[in-house]
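In case you want the letters, here they are:
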Amino acid sequence: MSRELAELLFPNVDKTLEYYEEKFPERKFEKKSKITRLGPSPTGFIHLGNLYGALVDERMAHLSDGIMLLRIEDTDDKRRVEGSEELIINSLKFFGIEFDEGVSLDGEVGEYGPYRQSERKEIYQTAAKFLTEKGMAYPSFVSEEEMEAIRNQQEKEGVNTGYYGKWATDRDLSFETIKSNIEAGKPWTLRLRSSGDPEIAMKFIDGIRGEITVRQNNLDVVILKQNGIPTYHFAHVVDDHFMRITDVVRGEEWLSTLPIHLELFHVMGWRRPNYNHTAHLMKSEDGKKRKLSKRKDPELSLEYYMKDGYFPEAVTEYLMTLMNSNYEEWRMKNPEKSFKEFAFKTKNMSSSGALFDLNKLNDISKDVLIRLSVEEIMDFMLSWSEKFDKNANSLLNQYKDDLIKILSIGRDGKKPRKDLVNCTQIMQFISYYFDEDFEYVDKMPERVSNDDAKAILEQYLKTYNHSDSNEQWFEKVKIITDGNGFTSNNKEFKKNPEAYKGNITDVSTAIRVAVVGRQQSPDLWSIQQIMGEERVKNRIAEYLKQL
Ligand code: GLU
């Protein structure tokens, strides 16, 4: 009866599994090489978790001389959003992830396609027909309302919910009943005829979690929906088999349905891939850990980083530290190396939730930006601003050469300044340079009164000589300090603070506030040299007017 049933359900399927086995032969890679895939759904949203998973896929594949492919999991028509594929591909590319195979912006690449699940219906149906023929799948006519009634009853009885055992009444429908139902046009789904027993626990090795215990599945899960499109469970099994994927990297939310996937591989008679279930990205809030949420946490979206102008290298570097706890130590020993030289291992990944911390990302970003050249930083800022901040873009273009000098101040030497985090922050950081929108951000230091400020700035303006060396300039600041009741002798000031209004830091800070509008900045003399005599004098004069 199984053969007849298979013909009844799939009259138009004329291919066999052998056909696809031949069409998609084993790949000719070395044994050690891993073939990985990213299977995002085109929902119009790409998040840090996708990038995190993609980076694991990428590292696994390329460190083992394997490849990684992009498969679009678009079986859910309702969730599909126009433009998602471009968003996925472009965003990942921005962060340095490019696929060797699969869906690309110039069509599909590779011999194992199609790479969109919506175009693989025939393959799934062939696999479904095979299972039906083997007696391991059957059509089920239960409606959603009936399923709900079953669930209610199960909850009342306090047993596991789902379609299984005595609840799975369509398991035993006669061929005649099925036939007349189908002829009457009743919609049906195809279900797995499970033979598992949840009492039986099996040992399972997860690439990230190590040995775990998995109970057998006993649910007669839907494998084809009423429209003939497979569920995730069935689609990924068929795809990972025929795309000859060796290693699946996916979120831990799939662990609970892993028993289903193992049974499906088993009934298909296929070798399963290795599974690597990544931990959720967590956030610490009010002392509690919780999953990053699309609704509450804007920083979950990759767009957040692109808009703020995070450098992709910084985000990748941060994700590497999240991925392997020994990465930071390696980085300390190998400051100049590319992260690609790090021996990433899935078994060194945390299985209990990776704690995401924006402050930490910012710190890492500072370190990463110190390793980039100022020209690289400027190029990135230009391309960022072109897209996200037109005003910044015109300023950057107009003053590019000066800004490169501004950004270079204090970057060499043993202890380089680490001020730069992302483009938005850098624009703020260098905003003192622009006369456009210039603002006095900070006030005078506390120990400098209005009258003191006036005296200091007037004298500064009078004695200012743009061709003074840094040393000559500083000597003048000392003279101004000592001549106005402050002291340039710090030791003396410590010993006898009551004798002075303040020390040289107060005076130089007062000058700094007048010139760059803030109490802290890179070396002031260098800034003045770049800004030019006229602008420096104007700033001082302007400040004096306000006093
Ligand atoms: N489409 C699935 C998801 O977005 C992919 C899971 C997998 O990689 O198998 O979660």
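Residues numbered from 1 in each chain as written. Predicted model: local features only at pLDDT ≥ 70, side-chain atom pairs only at ≥ 80, totals over all residues. Heavy atoms only, no water.

We count it as follows: UniProt positions are given in the numbering used here, feature names are shortened, and annotations may be inferred rather than shown by experiment.
With an unreviewed UniProt entry as reference, the protein chain is termed Glutamate--tRNA ligase, source organism Peptostreptococcus porci. Looking at the Function (unreviewed entry) heading of the UniProt record, one finds this comment for the protein chain: "Catalyzes the attachment of glutamate to tRNA(Glu) in a two-step reaction: glutamate is first activated by ATP to form Glu-AMP and then transferred to the acceptor end of tRNA(Glu)." Of the protein chain, the UniProt comment under Sequence similarities (unreviewed entry) reads exactly: "Belongs to the class-I aminoacyl-tRNA synthetase family. Glutamate--tRNA ligase type 1 subfamily."

**Re the overall build of the protein chain**
What counts is decided by this rule: For the purposes of this entry, the term helix denotes a DSSP run of H or I that reaches at least four residues, the term strand denotes a run of E that reaches at least two, and both are numbered from the N terminus. Throughout, the radius of gyration refers to the C-alpha atoms, and the reference size of a globule is 2.2 Å times the residue count to the power 0.38. Only protein chains enter the area calculation, which uses a 1.4 Å probe; residues under 20% of their type maximum are buried, those over 50% are exposed, and those in between are partly exposed. Any two residues whose heavy atoms approach within 4.5 Å at even a single point are treated as in contact. His is not counted, nor are the chain ends, whereas Lys and Arg count as positive and Asp and Glu as negative. Charge coordinates come from a single atom per side chain, which is NZ of Lys, CZ of Arg, CG of Asp or CD of Glu.
Helices and strands together make up the secondary structure of the protein chain, namely 23 helices and 16 strands. At 33 Å, the protein chain has a C-alpha radius of gyration far larger than the 24 Å of a compact globule built from 547 residues. For the protein chain, the C-alpha atoms occupy an extent of roughly 110 × 50 × 45 Å along the three principal directions. Burial statistics for the protein chain: of 547 residues in total, 50% are counted as buried. At a minimum sequence separation of 6, the contacts of the protein chain that also span at least 24 residues come to 73%. The positive charge centre, built from 79 side chains, and the negative charge centre, built from 92, are 3 Å apart in the protein chain.

**Comments concerning the pattern of salt bridges**
Spelled out, the test is: A pair is scored as a salt bridge if a Lys or Arg side-chain nitrogen falls within 4 Å of a carboxyl oxygen belonging to Asp or Glu.
All chains considered together, the criterion is met by 41 salt bridges. Of the charged contacts, one joins Arg-331 and Glu-317 as a salt bridge, the two residues approaching to 2.7 Å between their closest N and O atoms. With Arg-331 in helix α12 (residues 327-333) and Glu-317 in helix α11 (residues 312-323), this residue pair connects regions lying 14 residues apart in the sequence. Judged by relative accessible area, Arg-331 falls into the buried class, the value being 10%. A residue is classified by how much of its surface remains accessible, and Glu-317, at 6% relative accessible area, is buried. The partner of Asp-367 in a salt bridge is Lys-418, and the shortest N-O contact between them spans 2.8 Å. Pair noted here: Asp-367 is in helix α13 (residues 358-371) and Lys-418 is in the loop between α16 (400-408) and α17 (423-429), with a separation of 51 residues, a long-range link. Taken together, the salt bridges that share partners define one network made up of Arg-37, Arg-71, Glu-73, Arg-120, Asp-239 and Asp-240.

**Some words on the packing of helix α5 (residues 121-133) against helix α8 (residues 232-242)**
Inclusion rule: Note on method: axes are straight lines fitted to C-alpha atoms, helices fitted across the in-contact stretch only, with angles between N-to-C directions ranging 0 to 180 degrees. By definition in this entry, angles of less than 35 degrees are roughly parallel, angles greater than 145 are roughly antiparallel, angles of 65 to 115 are roughly perpendicular, and the rest are oblique. Residues are grouped as follows: nonpolar covers Ala, Val, Leu, Ile, Met, Phe, Trp, Tyr, Cys and Pro; charged covers Asp, Glu, Lys and Arg; every other residue, Gly included, is treated as polar.
One can describe the packing of α5 onto α8 by two numbers: an axis separation of 10 Å at closest approach and a directional angle of 105 degrees. What the angle tells us is that α5 and α8 run roughly perpendicular. Counting all contacts with α5, which are made through Ile-123, Tyr-124, Ala-127, Ala-128 and Leu-131, the residues of α8 involved are Phe-234, Ala-235, Val-238, Asp-239 and Phe-242. For the contact of α5 with α8, the residue count by class is 9 nonpolar, no polar and 1 charged.

**Digging into the sheet that holds strand β5 (residues 137-140)**
Under the convention used in this document: Any two strands between which DSSP finds at least two bridges are classified as paired.
What the 3 strands build is an open sheet, ordered β5-β6-β9; its pairing is antiparallel. Unpaired on one side and paired on the other, β5 and β9 (222-224) mark the two borders of the sheet. Between one strand and the next, the sheet's axes are offset by a mean angle of 45 degrees, whatever the strand orientation. In terms of strand pairing, strand β6 (residues 189-192) meets β9 through 2 bridges, oriented antiparallel. Each residue of the ladder has a partner; that of Arg-191, found in β9, is Val-222. Strands in contact with α5 are β5, β6 and β9; relative to β9, the strand with the most contacts, it is inclined by about 125 degrees.

**Section: the environment of Lys-296**
Within the fold, Lys-296 resides in the loop between β13 (288-291) and α10 (302-308). Residue Lys-296 is classed as partly exposed on the basis of its relative accessible area, which comes to 48%. Each C-alpha atom of the pair Lys-296 and Asn-496 lies 54 Å from the other, and the pair is 200 residues apart in sequence.

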